[in-house]
Structures are given as C-alpha cells and as structure tokens.
Amino acid sequence: MDLSLSTRTEGDRTVVVVGGEIDVYTAPKLREQLIDLVSSGQYHLVVDMEGVEFLDSTGLGVLVGGLKRVRAHEGSLRLVCTQERILKIFRITGLTKVFPIHGSVEEAVAATD
Amino acid sequence: MDVLEVPGVLESLQPIADFVKEASAEAGLERREAYRLRLAVDEIATNVVLYGYERSGQTGLLRIAKNLDSERLTLCLEDTSPPYDPTAQAPPSDLSESLESRPIGGLGVFLTIQGVDDFRYEYVEGHNRNYFTVRRPAAV
C-alpha cells in the first residue's frame, strides 16, 4: 500500500497533493506531514485528493485531526475531490458538513475563509 | 483461491485487500461496489489487528474465505481475538454534531455496515466471524 505526498505553496495556501491509499498502514505518514506543516506555521491547507485510490476511517481521522490543528490557529483545511466513491465516504459520515470540498485546486485556493 | 490465511498484523491488510479485489472481479462487481466491499473488509480487519490482537497482547491469524453463487458474493473474515460484535456497537454519535464535540471513533463500523448489502457477525467456538455479502450485478 503506497501513499505519495508532495507539497507546494500557492499564495498564502499550502497545497498537499496526496496519491495512493490512505489506510491504517499509510495514514501516519499523512498525519506527520500535516503536523509538520502546522508546526512550521502553515495554517491554510488545501489537500488535493484527486490521486487518492482508497480512503478508510483511519484516513478520515487524520484529516479531521489536521482540521482541528489548523482551526486552533484560525486556519483552514480544504479538500479537493471529485471522485464519487471517495465523496460518498464523506457524505455518509456527515463530514461534508465539516470539510469544504472543492472540484479543483484553483477553486480551493481562491476560496475565502 | 477460495481461502486466504495470514498473520493478524497490519502488513496482512494488503494481501487481504488483494483477495477481496480478486473475489470482486470474479463476481463481476462494478468498481463502486468492489470499492465498498474492500472498504468494509478493511475496516473490520484493521479493528481485529489493532484492537483484537495488538491491544489485547494476543497474536493470531486472519482468515478470509469467499462464497460465490449466482446471486451474491459473501466473504467471511475470521479471527481468534477476544469476542467483538461490530453490530452491537452503538452507531456513531449524531453526525450533525460539531467537529469539536464528535469523536471520530465508530465511523469504521458505520462505513462497513453502510457499504455492503448485508453484514452479519457470529462467535463460534472461539472464532469471530464477520460475513460481508453483496449482490452480484446480474441479480440486482
């Protein structure tokens, strides 16, 4: 199970591009990445999930943890996702009410908090 | 392969996922249904490894078997960790609650039960057995 992560800066946002599978085996890598970003003062994050092939509840927990961390600094965490099977997981767990979910990175970066 | 038996450790989640993918392909499940089945099995297998074996200090096996008939695919995931009935777990707290007041726990079982057409649990002779059933496309 592989997870790929990369980050880049767009304006005052940090875009985290995630690819592969987010499960109990790989989620710690994503958790560390989010913690590192917040620790270095980057509180406005966009997580691009277009390359995510699998997401389980461990992955959801990591994203929720990341959101709580940036909110503690009055920051934001926006998701980019158009894959129906991933979106369904957010819908049935009620997390669409928690995360702003966008159709593209451009849209997420342009969104105001 | 109709049965796969692997150690009850996190590294075994990948071969289990591969087994589920193969079974789904053989059953002719559409991509979305195959994904939901894989997610359901992954959630329960993860619980077994983390809470059934590791937290209780036990070691054991995970065994997954498939049963395919003309109407449905049923997978049975079996382990020898302490008895745990996912269906007896309370549903996650109100999903409309705010993020700060809502625990994330419980979502895995919720995803499991939502993800398959039928989910059943039994404890027989020291074995937890979790049954995941999905209807095959031609039978829907």
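Preceding this section is the structure that the text describes.
In this text, all values refer to a predicted model and were calculated from it rather than measured experimentally.

1. Observations regarding the pairing of strand E1 (residues 3–10) of chain A
Residue and element names in this part refer to chain A. Alignment of E1 against strand E2 (residues 13–22), held across eight bridges, turns out to be antiparallel. For Leu 3, the partnering residue across the bridge sits in E2 and is Gly 20. Counting the residues in the hairpin turn of E1 and E2 gives two residues, including Gly 11, whose phi is positive at 65°.

2. Side note on the sheet that holds strand E3 (residues 44–55) of chain A
Residues and elements named next belong to chain A. Spatially, the five strands line up as an open sheet ordered E1-E2-E3-E4-E5, and their pairing is mixed. With one partner strand each, in any of the chains shown, E1 and strand E5 (101–102) form the two edges of the open sheet. Inspection of the sheet shows E3 paired to strand E4 (residues 76–80) by five bridges, in the parallel sense. Bridge pairing in E4 places His 44 opposite Ser 76.

3. Section: the pattern of salt bridges
Residues and elements named next belong to chain B. Applying the stated criterion to the full structure yields 13 salt bridges over all chains. Between Arg 120 and Glu 122 there is a salt bridge; the shortest N-O distance is 3.9 Å. Overall, Glu 122 belongs to the partly exposed group, its relative accessible area being 23%.

4. Digging into the interface of chain A and chain B
At the interface, 27 residues of chain A touch 26 residues of chain B. Counting each side, the surface lost to burial between chain A and chain B is near 2400 Å², with a carbon and sulfur contribution of 64%. At the boundary of chain A and chain B, one finds one salt bridge. Taken together, the connections running from chain A to chain B amount to four residue pairs in polar contact (both at pLDDT 80 or more). Breaking the side of chain A that touches chain B down by element, the ones donating at least two residues are E3, helix H2 (57–71) and helix H3 (84–92) of chain A.

Quick notes on the rules
Residues numbered from 1 in each chain as written. Chains lettered and ligands numbered in written order. Predicted model: local features only at pLDDT ≥ 70, side-chain atom pairs only at ≥ 80, totals over all residues. Heavy atoms only, no water. Pairing = 2+ DSSP bridges. Helix = DSSP H or I, 4+ residues; strand = E, 2+ residues; numbered from the N terminus. Salt bridge = Lys/Arg side-chain N within 4 Å of Asp/Glu carboxyl O. Buried < 20%, exposed > 50% of the residue type's maximum accessible area, 1.4 Å probe, protein only. Contact = heavy atoms within 4.5 Å. Buried area = accessible area lost by both parts, 1.4 Å probe. Polar contact = N/O pair within 3.5 Å; in protein donor to acceptor, adjacent residues only side chain to side chain.

By themselves, these figures tell us nothing about what the structure is for.
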